Amino acid sequence: MPAREASGRGGLAEYRRRRDFGRTTEPSGDGTSRPGNALSFVVQIHDASTMHFDFRLEVDGVLKSWAVPKGPSADPHAKRLAMPTEDHPLEYADYEGVIAPGEYGAGAVIIWDEGTYRSLATDRNGNKIPFAEALEAGHASFWLDGGKLHGGYALTRTRGGPDGRREAWLLVKKNDRHAAAHDAPEPRRARSARTGRTLGRVAADAAADGRS
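Residues numbered from 1 in each chain as written. Predicted model: local features only at pLDDT ≥ 70, side-chain atom pairs only at ≥ 80, totals over all residues. Heavy atoms only, no water.

A few words on the overall build of the protein chain. Along the backbone of the protein chain there are three helices and 11 strands. Taken across its 212 residues, the protein chain has 45% of its residues classed as buried. Partitioning the intrachain contacts of the protein chain with sequence separation of at least 6 by distance along the chain shows that 59% fall at a separation of at least 24. Carbon together with sulfur atoms contributes 49% to the accessible area of the protein chain, which is approximately 10,700 Å² in total. (Helix = DSSP H or I, 4+ residues; strand = E, 2+ residues; numbered from the N terminus. Buried < 20%, exposed > 50% of the residue type's maximum accessible area, 1.4 Å probe, protein only. Contact = heavy atoms within 4.5 Å. Areas by Shrake-Rupley, 256 points an atom, 1.4 Å probe, with all protein chains shown as cover.)

Given below as structure tokens:
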């Protein structure tokens, strides 16, 4: 299958500005593509200064990212605060490890869920529109096909915009056949979708590698 070109590389300036790639194990974003045509999503748990889930959607060659303190919920009645962060490179969808002390976002990271998504974005008349355009307008619906997250979700901006205030969004589950009355797990007990490791195990493995 053809690779998708990373047309959003120019959006990584803030990501790169915040990181010293001589110290952090995070990807620099120098890669230019990922295999396949399906759009990817990833949810990482990040034990930074404040524990949170990072929700990331592939849009125009980068991962659009939101910090979700309580994590995504399968309950349509649960409205999850989602604070936008800088765009991340597509390679970040593969990142699991420990960001070094003193670096931006220092702490352990695991991949809690991953998969593909498709846009459900429409305008007020029900016509399909580009997903990036929907995000710019402040409301975007999408369908997740992950290992743990399934079905329709929506991101809606509730604060921010032209006045320059810091943006805030809500991440909400659609009331479909995948809706259920359960939330994301307690972060320290959650296990990686890739390796089965907890945050604590990732940190311990990194410490052991540093001693070897």
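Before going further, it helps to examine the nonpolar core. In this structure, Phe55, Leu57, Trp66, Phe131, Phe142, Leu144 and Leu155 are the most contacted members of the largest nonpolar core, which totals 32 residues. No other element matches strand E4 (residues 51-59), which puts five residues into this core. (Core = buried A, V, L, I, M, F, W, Y, C linked by side-chain atoms within 4.5 Å.)

Turning next to the packing of aromatic side chains. Centre-to-centre distance and the angle between the planes together describe a pair of aromatic rings. Per the counting criterion, the structure on display carries 10 aromatic pairs. On the basis of an interplanar angle of 45 degrees and a centroid distance of 5.2 Å, the ring pair of Tyr92 and Tyr95 is categorised as tilted. Of the two residues examined, Tyr92 and Tyr95, each falls in the buried class. Ring centres 5.4 Å apart and planes at 55 degrees place the aromatic pair Tyr117 and Phe131 in the tilted group. Taken as a pair, Tyr117 in strand E8 (residues 107-119) and Phe131 in helix H2 (residues 131-137) lie far apart in primary sequence, 14 residues in all. Each member of the pair, Tyr117 as well as Phe131, is classed as buried. Ring pairing ties together the aromatic residues Phe55, Tyr117, Phe131, Phe142 and Tyr153, which thus form one cluster. Sitting above the plane of the Tyr153 ring, Lys173 keeps its charged end 5.2 Å from the centroid. (Phe/Tyr/Trp six-rings, centres within 6.5 Å; stacked < 30°, edge-to-face > 60°. Lys NZ or Arg CZ within 6 Å of the ring centre and 35° of its normal.)

On to the pattern of salt bridges. Scanning the model with the defined rule gives 17 salt bridges in all. Among the salt bridges present, the one from Glu86 reaches Arg19, with a minimum N-O distance of 3.0 Å. With Glu86 in strand E6 (residues 79-88) and Arg19 in the loop between helix H1 (13-17) and strand E2 (33-34), this pair connects stretches of sequence that are 67 residues apart. When its relative accessible area of 9% is taken as the criterion, Glu86 is described as buried. (Salt bridge = Lys/Arg side-chain N within 4 Å of Asp/Glu carboxyl O.)

A regular strand places its side chains so that they alternate between the two faces of the sheet. When E6 meets strand E11 (residues 168-173), the two strands line up antiparallel, connected through four bridges. Residue Leu81 lies in a different strand from E11, and its bridge partner there is Leu170. (Pairing = 2+ DSSP bridges.)

Next up on the list: unusual backbone geometry. Here the phi dihedral of Asp60 falls at roughly 50 degrees; this positive angle occurs in a residue that is not glycine. By the secondary structure assignment, Asp60 is in the loop between E4 and strand E5 (62-68).

Moving on to the pairing of strand E10 (residues 150-159). As defined by bridge partners, strand E9 (residues 139-146) adjoins E10 across seven bridges and the pair is classed as antiparallel. Looking at the pairing, Trp143 lines up with Gly152 of E10. Counting the residues that bridge the hairpin from E9 to E10 gives three residues. As defined by bridge partners, E10 adjoins E11 across six bridges and the pair is classed as antiparallel.

Further remarks concern the confidence of the model for the protein chain. Taken residue by residue, the protein chain gives an average pLDDT of 91. The fraction at 70 or more is 90%. In the predicted structure, residues 1-9 sits below a pLDDT of 50 and forms 33 contacts with residues beyond four places in sequence or in another chain. (pLDDT = per-residue confidence, 0-100.)

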